[in-house]
Every structure is written in structure tokens, then in C-alpha cells.
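Each chain, letter by letter, is given below.
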Amino acid sequence: MLSNRLRPLFICVLVLLTAIASLFGGNTAPAHAFGAISGVVWRDYNLNGVQDTLEPGVQYITVSFYDSGGLVAGSPITTDANGNYTFNYPGSDPTVRVEFTGLPAYLKPGTQPAPQPRSNGSTVQFVTPGATNVNLGVQNPSEFCQNNPDVISTCFIPGDHTGAQATDPVVVNFQYNAGDPSQPYVAAHDDTGYGIGVHPVKVPHAEVGAVYGLAYQRASKFIFAGASLKRNSDFGPSGIGAIYKINDTTGSATLASLFYDFGAAAGSTAGRTIPVGSTRDQDTWAYNLVGTISLGGMDILEDPVNSANDALYVVNLNNRTLNKIVINAGATAGAVSTYSMPLALPGARQGCVAADVRPYGLGTHDGKVYVGLVCSAQSSQDVSQLRAYVYSFDPASAAFSTAPVFEYGLNYTRGCASGGGGNPSTCVASGKNPIPWLPAASPVITTGEPIVKIQEVLTDIAFNNGDMILGFRDRFGDQYRGARTAGDIVLACLVKGVYTLENNGSCGGKTSAGGVGNSQGPGG
């Protein structure tokens, strides 16, 4: 501590040094203290520049830092499981260059209109030490969806595709808000919606026959529809293994043409006679074959940079294979590759007789293809074996995952499909519980018996904010025209990198309205 006698001298010297510094170096930039730079990389699904609830962080993105001379400052770091990073900048530069690298090929920096409040930047940003919210929002262009998009759906028409109902539509579109009571009724196609029953795309039965799997290529604006076996409903002009393409820009004059034909590889129709009428006891040939021949789910894996690399993936139910068809210019079929399905169920917690493993559903997400299979328990008729499996397929390595990315048992109570006012407690057992796929023998339908025989087929896989949505179709609805069907939609939430099954109407912090405690669904 300075004595009272020395303190005035010290102050004088300090003032003198400050004055000298001002005289000779008054324009020098002040030194900045060391500071931590932090931020987050996240999936900006709605492209608003702000990390909203349910928009997850992106792990393993490399963040590098450079001083004002362009030299690397310290070692690069990577984002954590929540997409966060923090870097203790070691220098004293007033400006630091921050660079984000290592984005997967399917992710691109997000953008948004200038007036929009934003908290994200580009892959190269200039900041000061101590800056926070040095963020990067990214998005998958193939997952972008405008407000009120078009929805494409299929209808099934009984009889021969050249018969009395040949002109009835089987592929139609409508807007997402159609039928919403909060939207005004519109009698024709315009910007606010479609009137009920008005479909700008309307493909007749004569053009494609019975189809189910659908896909859409944004670049060409073509819809793709795959043949499907349904009792009493004829295949189209190109038969059991056909994939048709439909121009989405031709409006009500939409016509379909053949994109690709698997031919005999998709099965045989020998012995089938399509009925002229529509009674439910006709076309018994198809009954036992539903879900085992023709084509299943379809989807397009888009290349976010070059649509020339887009490919259509489709499941062949007859030989139980995954097939890739390159989409060339003009939506023409290019090279075809075929991959064997993981029918042995490697890595699964519960196995299944190989003959009872039935693939069908398909979806694409973040550069990978996902296929859905069920254990039908058809050979054992043991309901405890009913189970769903999802495997991922990596196009780069042409290999399936070594274990299911998700699996769960299907033997749980659903809502009532056979009366009972929707109350499972007053519903007959066959109306709310799934059964093994019926064996190779047509059932005898007893007069007065509820015609419900729930046989689940995992027919579709979709993704929303990283979570997986599984769509199930009741096989009996394609076997028997008078059936009361019981499809199902199940959510598997991505929690810390693991897909977790919904439980009692809740999943990953989300709860459905009216889904808790209703004695329906997993854990219900």
C-alpha cells in the first residue's frame, strides 16, 4: 500500500503517462477482453429465422474461429446433442470470423424474408469476442411445405378398369384446408381452396386401375402411382407391377402414362376373373394374396442440389425387395437397382418366422430411406408375435441398418370398429383388437357377425420435426368389401437420438387432445 507521502507522486506519474499515450497513440483501438462466443445450430423447419419449440438442435457441426489476420484461433469445436457450442476465444482481436462446416448434404442454411425477426446467420459470420446467439438455422429443402398444400389421394373402384365405372376417378387432389368449417366454401379451384368434390387432378379408373402407393417429384411436377391389389378392383392397363406417372400441371385433363413396369416380378394374375358387378363375394382369387403381391409403399429421395439425382423407391411385395428407380429428365425411368430386405430382422428384440415378415411401408428423411415391416404371425396364429419394425437404408452404402431404428408390439387395444358407440368396454373383442393375418382360407361370414378382422399392415412412414409417424392399413379392408376397417396412426418421438413410442396419448413432451386415458393406443 502506498504511503500518504508517495500517493500524490504516483498519481502525477500516472497522469503523465496517460497524457503521453494520448499524444502519440490517441487513435489506437482499445484492447478487448477475452470472451466466450456461443450459439446453436438448429433445424429451422418453418424458415422463420427463430428456433421455435420442437425445432431440434443439430449435433456434430464443426465450428471454427479465425482472428483478424485470418489465422485459426484455437482448435475447431463441434456442436453438442442440442446443437449448442461455446468457445473461449483466446485472443484480443476486436472481430472474429466464425465458420460453420460439416453440414450433411441434405441440410442447407435457412433463409427468411428481411422483415422477419431473426436469430440465425449464414455459415460465415463476423462477431466480437463475448458474442452470444451466433446461431445457424438449417433446413432440408425437400421437407419444405407451403401453407395449404395440395393433398393427393387414391380411391378404389369395383370392377374391370374398362367397365361401367371406367371414368370414375381413382387419383384425385384437394387442398389441405378442404372441408375445414373455418374456411369459406369454394365452388371451384382457386387460391382459397377447393369446393367439396372439386378435384383439378382427377385420373380415371381406366387410366391406372387400382393404385395405392403415391409419390411426388417437385422438380418435374409429376405424381407417381403404383399398382395395388384390392379384391374386386381391377389392375390398370399395364398390370400388376405398373407405376404410372401423372402430370400435375394439366388440370382436369390429367392423363396417366406408364413410368415403369416390374412385370412378372410383381406377381401373376393367372386365374383371376374381375367381376362385372360389385358384390363382396366375387374375386375370391384376390382374398389370400392381399399384401403379398403387386406393389407397396413409394417415396422419392430428392437431391437438394441436383434433381437429376432424384430416385423413386418402391417396395415389391411379391419378392419382398426394395427397388430404386432413377428419375431421368422428363420423368422417365432410368437405372433400376434392387435390394434384399432384412427379412431375418437382424438386431431385433423379438424375431419372427421369415415367411411371416411382410414389408410394405416406405418413407424418406434426411438422405435415408425407411422401410416398414410387420410380423404377420400368419403361420403361427399367435397374437403375441404381432410386431412392427422400421429399418433405415443408406443409399450411399446401399445397406440397411444393422438393427431396427424402431420396433414395438402391435397387440394393444384400439378404438372400437364394430359398434359399441366407440367404447371399448362394450365392443366385441374382434372389433378392437388386431389378429394375426388370416391363414390361406377364405372365412365364412356369419349373418349378424360384425365384419371386423383387424390385420395390421405398416403401409406408410412419414416424419414431422424429426419424429416418426407410422400409418397402418387394415388388410381386411382390401380383402372384403363389406368390412369395417380399423387403420391406425402411431407416433414415435425422437428423444435424445432414440425413437420412443407414444404412451397414453403423450410422446416426447407432446400430448394429444382427448388421447389421454381413453383406453386406446399404446399405454392407453
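Asker: Go over the overall build of the chain with me, naming the residues and quoting the values.
Answerer: Each helix and strand in the chain was counted, giving three helices and 30 strands. With 524 residues in all, the chain has 44% of them scored as buried. Taking the intrachain contacts of the chain between residues at least 6 apart in sequence as the baseline, contacts between residues at least 24 apart amount to 57%. Here the chain displays about 24300 Å² of accessible surface, and carbon together with sulfur accounts for 55% of that area.

Asker: I'd love a proper account of the state of the cysteines, names of residues and values included.
Answerer: Under the definition given, this model contains two disulfides. Each sulfur of the disulfide joining Cys352 and Cys375 lies 2.1 Å from the other. With the S-S dihedral at roughly 80°, the linkage between Cys352 and Cys375 falls on the right-handed side. Of this pair, Cys352 sits in the loop between β19 (332–340) and β20 (357–365) while Cys375 sits in strand β21 (residues 368–375), and the two are 23 residues apart along the sequence.

Asker: Could you give an account of empty space enclosed by the protein, with specific residues and numbers?
Answerer: Taken as a whole and assessed by the stated rule, the structure comprises three cavities of 30 Å³ or more. Computed from the structure, the largest cavity encloses a volume of approximately 70 Å³. For the largest cavity, the full set of lining residues is Arg43, Asp44, Tyr45, Leu47, Val138, Gln139, Asn140, Glu143 and Phe144. By residue class, the composition of the lining of the largest cavity is four nonpolar, two polar and three charged. By volume, the second largest cavity is sized at about 50 Å³. Taken together, Ser228, Leu229, Val290, Gly291, Ile293, Ser294, Leu295, Leu317, Tyr360 and Asp478 make up the lining of the second largest cavity.

Asker: Could you give an account of the nonpolar core, with specific residues and numbers?
Answerer: Leu322, Tyr408, Met468, Leu470 and Phe472 are the most contacted members of the largest nonpolar core, which has 43 residues in total. Listing elements by their share of this core, those giving two or more residues are β17 (311–316), β20, β21, β22 (387–394), β24 (406–409), β25 (456–464), β26 (467–474) and β27 (488–495). When residues of this core are assigned to their parent elements, the largest contribution, six residues, is made by β21. Leave out the neighbours within four places in its chain, and Met468 touches Tyr370, Val390, Val405, Phe406, Ile461, Ala462, Phe463, Val490, Leu491, Ala492 and Tyr499. The next biggest cluster of nonpolar side chains, apart from the first, holds 23 residues, and it includes Ile240, Ile243, Phe262 and Ala286.

Asker: An account of the sheet that holds strand β10 (residues 169–175) is needed here, citing residue identities and associated values.
Answerer: Across the sheet, three strands lie side by side as β9-β10-β11; this open sheet has antiparallel pairing. Two strands in the sheet have a free side with no partner beyond their single neighbour: β9 (150–154) and β11 (202–204). Strand-to-strand twist of the sheet, defined as the mean angle between neighbouring strand axes without regard to direction, takes the value 15°. Note that β10 and β11 share three bridges and pair antiparallel. Within β11, the position partnered with Val172 by the bridge is Lys202.

Asker: Describe in detail the sheet that holds strand β14 (residues 242–247), supporting the description with residues and values.
Answerer: Strand order in the open sheet formed by four strands is β12-β13-β14-β15, and the pairing between neighbours is antiparallel. Of all the strands in the sheet, the pair left with one neighbour each is β12 (211–217) and β15 (256–261). Ignoring strand direction, the axes of neighbouring strands in this sheet form an average angle of 30°. Across five bridges, β14 lies against β15 in antiparallel orientation. If you follow Ala242 over to β15, its bridge partner there is Asp261.

Asker: Report on the pattern of salt bridges, specifying residues and quantitative values.
Answerer: For the structure shown, the criterion picks out 11 salt bridges. Here Lys510 ties to Asp467 by a salt bridge, and the two come within 3.0 Å at their closest N and O atoms. Taken together, the residues Lys510 in strand β30 (residues 510–511) and Asp467 in strand β26 connect sequence positions 43 residues apart. A residue is classified by how much of its surface remains accessible, and Lys510, at 25% relative accessible area, is partly exposed.

Asker: Tell me about the packing of aromatic side chains, residues and numbers included.
Answerer: Here the distance between the centres and the angle between the planes together describe a pair of aromatic rings. A full pass over the atoms with the stated rule returns 15 aromatic pairs. Ring centres 6.3 Å apart and planes at 50° place the aromatic pair Phe65 and Tyr85 in the tilted group. Residue Phe65 is located in strand β2 (residues 62–66), and its partner Tyr85 is located in strand β4 (residues 84–89); the two are separated by 20 residues in the primary sequence. As far as burial versus exposure is concerned, Phe65 and Tyr85 are alike and both buried. The interplanar angle of 85° and the centroid separation of 6.4 Å between the aromatic rings of Tyr408 and Phe472 together place this pair among those described as edge-to-face.

Asker: Lay out the environment of Gln350 in plain terms, naming residues and giving numbers.
Answerer: Mapping Gln350 onto the fold places it in the loop between β19 and β20. Sequence spacing of Gln350 and Leu386 is 36 residues, and the spatial spacing of their C-alpha atoms is 10.0 Å. Beyond its immediate chain neighbours, meaning those up to four positions away, Gln350 contacts Leu345, Ser384, Gln385, Arg387, Tyr389 and Glu407.

Asker: Which residues make up the confidence of the model for the chain, and what are the values?
Answerer: The predicted model of the chain averages 84 in pLDDT, with 81% of residues at 70 or higher. Long-range and interchain partners of residues 1–33, a stretch whose pLDDT sits below 50, account for eight contacts in this model, where long-range means more than four residues apart. In this model residues 188–196 is a low-confidence stretch, pLDDT under 50, and it forms 28 contacts with partners more than four residues away in sequence or in other chains.

Asker: Which residues make up unusual backbone geometry, and what values go with them?
Answerer: The backbone of Asn232 sits at a positive phi, close to 75°, despite the residue not being glycine. Relative to the elements of secondary structure, Asn232 occurs in the loop between β13 (222–227) and β14. Backbone geometry at Leu345 places phi at a positive 55°, although glycine is not the residue there. Summarising the element assignment, Leu345 is placed in the loop between β19 and β20.

Rules and cut-offs
- Residues numbered from 1 in each chain as written.
- Predicted model: local features only at pLDDT ≥ 70, side-chain atom pairs only at ≥ 80, totals over all residues.
- Heavy atoms only, no water.
- Helix = DSSP H or I, 4+ residues; strand = E, 2+ residues; numbered from the N terminus.
- Buried < 20%, exposed > 50% of the residue type's maximum accessible area, 1.4 Å probe, protein only.
- Contact = heavy atoms within 4.5 Å.
- Areas by Shrake-Rupley, 256 points an atom, 1.4 Å probe, with all protein chains shown as cover.
- Disulfide = S-S within 2.5 Å.
- 1 Å grid on protein atoms, 1.4 Å probe; cavity = no way out; pocket = protein on both sides within 12 Å on 5 of 7 lines; lining within 4 Å.
- Points joined across faces, edges and corners; volume = space filled by probe spheres on them.
- Nonpolar A, V, L, I, M, F, W, Y, C, P; charged D, E, K, R; others polar.
- Core = buried A, V, L, I, M, F, W, Y, C linked by side-chain atoms within 4.5 Å.
- Pairing = 2+ DSSP bridges.
- Axes fitted to C-alpha atoms, helices over the stretch in contact; angles between N-to-C directions.
- Salt bridge = Lys/Arg side-chain N within 4 Å of Asp/Glu carboxyl O.
- Phe/Tyr/Trp six-rings, centres within 6.5 Å; stacked < 30°, edge-to-face > 60°.
- pLDDT = per-residue confidence, 0-100.

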